[in-house]
Amino acid sequence: MATALQKVRKGLLFTRLVGYAIRIYFSLLRGAVSAKIAAWTTRPPKHPIDPSEVKTIVVVGAAFAGYFCTKQMASSLPRDGRYRIIVIEPNSHFNFTWVFPRFCVVEGHEHKAFIPYTPDFFSQAPDGVVNWVRDKVSAVERERVLLESGEVIAYDFLVVATGSTVPYGLPSRVGVNDKEGGVGLLKKMQAKIKAASNIVVAGGGAAGVELATDAASQYPDKSITLVHSRAAVMHRFGSELQNAAHDALKELGVTVILEEKAVSDSVDGTLITLSSGKTIPCDCFINCTGQKPASSIIANLAPTAISSDGHIKVKPTLQIADDTLPNVYVCGDVAETFESNPNSRTASRQARVVADNVVLAARGKNPKNTYASRWGDGVIKLTLGLDKSVTHFFDGSEQLSFPGKETDLALMCDGAWAAVAAPPFDDTGIYKGKTVEPASLALGKSTV
């Protein structure tokens, strides 16, 4: 009886999933149609625009949230010459971080994780609307942002899409801003794993599980240990995914140690100490813990808007939770939206809400679009070795899991390139659109 009831519940969950996918499709279609209508109804300004009339929208960060938000805004803003978007991004290339754990192990594909930013992504926007500044924001003030280069850029509207950061670099982030450096670090990690005999991976989230199972698949004769502080790996997800991950680790010969922490500074080249005091062999330690929201740039501007875990608090409209800053919006991993599994889908959906609201506000209207977390966005595809994966859906009570076979060592990187209008795997180099010097962007507002 219980099994039959469970099957019914899973069937209902699958039906909900199909309905969710249909809603997402029509939402994307609606956005594309709106952009086309905006293009068809373009009217050039009758008179030259005075620079003081131009409203500036600054986007800090061009990972999934910032990049897609810029695209949506650029194709939806009125085309009368009174608006411009300035993207501030320190990286030379879009970092496709989902494949970093795989490319820490597998050789020969690392360059595919770095996708060139291209103006073709903004093909539906008028020429000159999107401006690109390769720099890093050090702090945000009212009406202007301060860059590490010492320059200052004024804004009328600000979108904070700084994502998350880690203190230890790979396998979650490369920790450098240029493709060449990132490729070099991935190759260095590959060599480190290849040369090791006793590999210890700290962290039983997605990055840790994927790296450990990939390494065990690639090098079955090595000793690999996964140390996780919780009672189960993938503890933020449903039991089916937890069990699938644990079983895969076990089948691949990975030793799993739960409810322990690896003391990172205890590594001496042969051993590592655990929080219990126990020592285990280790000549290669890989830390997959410590990911935190990158919210420090607004610490002085809106300290009360930063939560205890580092997220930026937001209103349902994704405006920052500070009534004195109605022109500041937040999206992506840095926003406190209580996602069970922050990912590119949640970032992109937040980006659309922010973009639509900024367009409304720029036109003198009240932002009315709101964001709410949806269970369907929490789907995860977890690789479990070089040729296996599991796709998992969980709505808090029922769950669906679909095992899969993986045939592409590069994990379909070509699809990610195509999604951002970059021909796979043709690296066109650093952004070839309108790249500007910060000092030229004051438009009548003080830059000192």
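Everything that follows concerns the structure shown earlier in this document.
Residues numbered from 1 in each chain as written. Predicted model: local features only at pLDDT ≥ 70, side-chain atom pairs only at ≥ 80, totals over all residues. Heavy atoms only, no water.

Visitor: Hey, could you run me through the sheet that holds strand β23 (residues 399-405) in this one?
Guide: What the three strands build is an open sheet, ordered β21-β22-β23; its pairing is antiparallel. Looking at the sheet topology across the chains shown, the edges are occupied by β21 (380-383) and β23. Here the average twist between neighbouring strands, direction ignored, is 20°. Examined bridge by bridge, β21 and strand β22 (residues 388-394) share four bridges and lie antiparallel to one another. In the strand pairing of β22, lysine 381 is matched with threonine 391. Against the sheet, helix α6 (residues 239-251) engages β21, β22 and β23, with an angle of about 30° to β23. (Pairing = 2+ DSSP bridges. Helix = DSSP H or I, 4+ residues; strand = E, 2+ residues; numbered from the N terminus. Axes fitted to C-alpha atoms, helices over the stretch in contact; angles between N-to-C directions. Contact = heavy atoms within 4.5 Å.)

Visitor: Sorry if this is basic, but what is going on with the nonpolar core here?
Guide: One broad trend across soluble globular proteins is that nonpolar side chains are buried collectively. Formed by 115 residues in total, the largest nonpolar core has its most connected members in Met73, Val145 and Ile193. If you tally residues by element for this core, the top one is helix α7 (residues 344-362), at nine residues. Ala202, Ile272, Cys282 and Phe285 belong to the second-largest nonpolar core, a separate cluster that totals ten residues. (Core = buried A, V, L, I, M, F, W, Y, C linked by side-chain atoms within 4.5 Å. Buried < 20%, exposed > 50% of the residue type's maximum accessible area, 1.4 Å probe, protein only.)

Visitor: Is there a simple way to explain helix α2 (residues 64-76) in this structure?
Guide: Residues separated by three or four positions in an α-helix point in the same direction, a consequence of the helix having 3.6 residues per turn. Helix length check: α2, at 13 residues, gives a terminal C-alpha distance of 18 Å against a target of 18 Å (1.5 Å per residue), a fit within 8%. Taken as a whole, α2 has its buried residues at Ala65, Gly66, Tyr67, Cys69, Thr70, Gln72, Met73, Ala74 and Ser75. (Expected span 1.5 Å × (residues − 1).)

Visitor: In this structure, what is going on with the packing of aromatic side chains? I would like to understand it.
Guide: The geometry of two aromatic rings is summed up by the distance between their centres and the angle between their planes. Inspection of every chain in the model, using the stated rule, returns 16 aromatic pairs. Ring geometry for tyrosine 67 and phenylalanine 94: centres 5.9 Å apart, planes at 35°, overall tilted. Taken together, the residues span a long stretch of sequence, with tyrosine 67 in helix α2 and phenylalanine 94 in strand β3 (residues 93-95) at a distance of 27 residues. Each member of the pair, tyrosine 67 as well as phenylalanine 94, is classed as buried. Look at tyrosine 117 and tryptophan 132: their rings are 4.8 Å apart centre to centre, the planes differ by 50°, and that puts the pair in the tilted class. Remark: tryptophan 132 occurs in strand β5 (residues 130-133) and tyrosine 117 occurs in the loop between β4 (114-116) and β5; sequence separation between them is 15 residues. Take tyrosine 117 and tryptophan 132: they sit in the same class, and that class is buried. Put simply, the rings of Phe64, Tyr67, Phe68, Phe94, Tyr117, Phe121, Phe122, Trp132 and Tyr431 pair up and form one aromatic cluster. When the ring centre of phenylalanine 425 is taken as reference, the NZ or CZ atom of lysine 112 above it lies at 4.8 Å. Here lysine 222 stacks its cationic end above the ring of tyrosine 219, 5.0 Å away from the centre of that ring. (Phe/Tyr/Trp six-rings, centres within 6.5 Å; stacked < 30°, edge-to-face > 60°. Lys NZ or Arg CZ within 6 Å of the ring centre and 35° of its normal.)

Visitor: What am I meant to see in the side chain of serine 389 here?
Guide: Relative to the helices and strands, serine 389 is located in strand β22. The exposure class assigned to serine 389 is buried, which follows from its relative accessible area of 6%. Not counting residues within four places of it along the chain, the set of residues in contact with serine 389 comprises Lys381, Leu382, Thr383, Leu384, Phe402, Pro403, Gly404 and Glu406.

Note that all results are geometric; they support no functional claim without further evidence.
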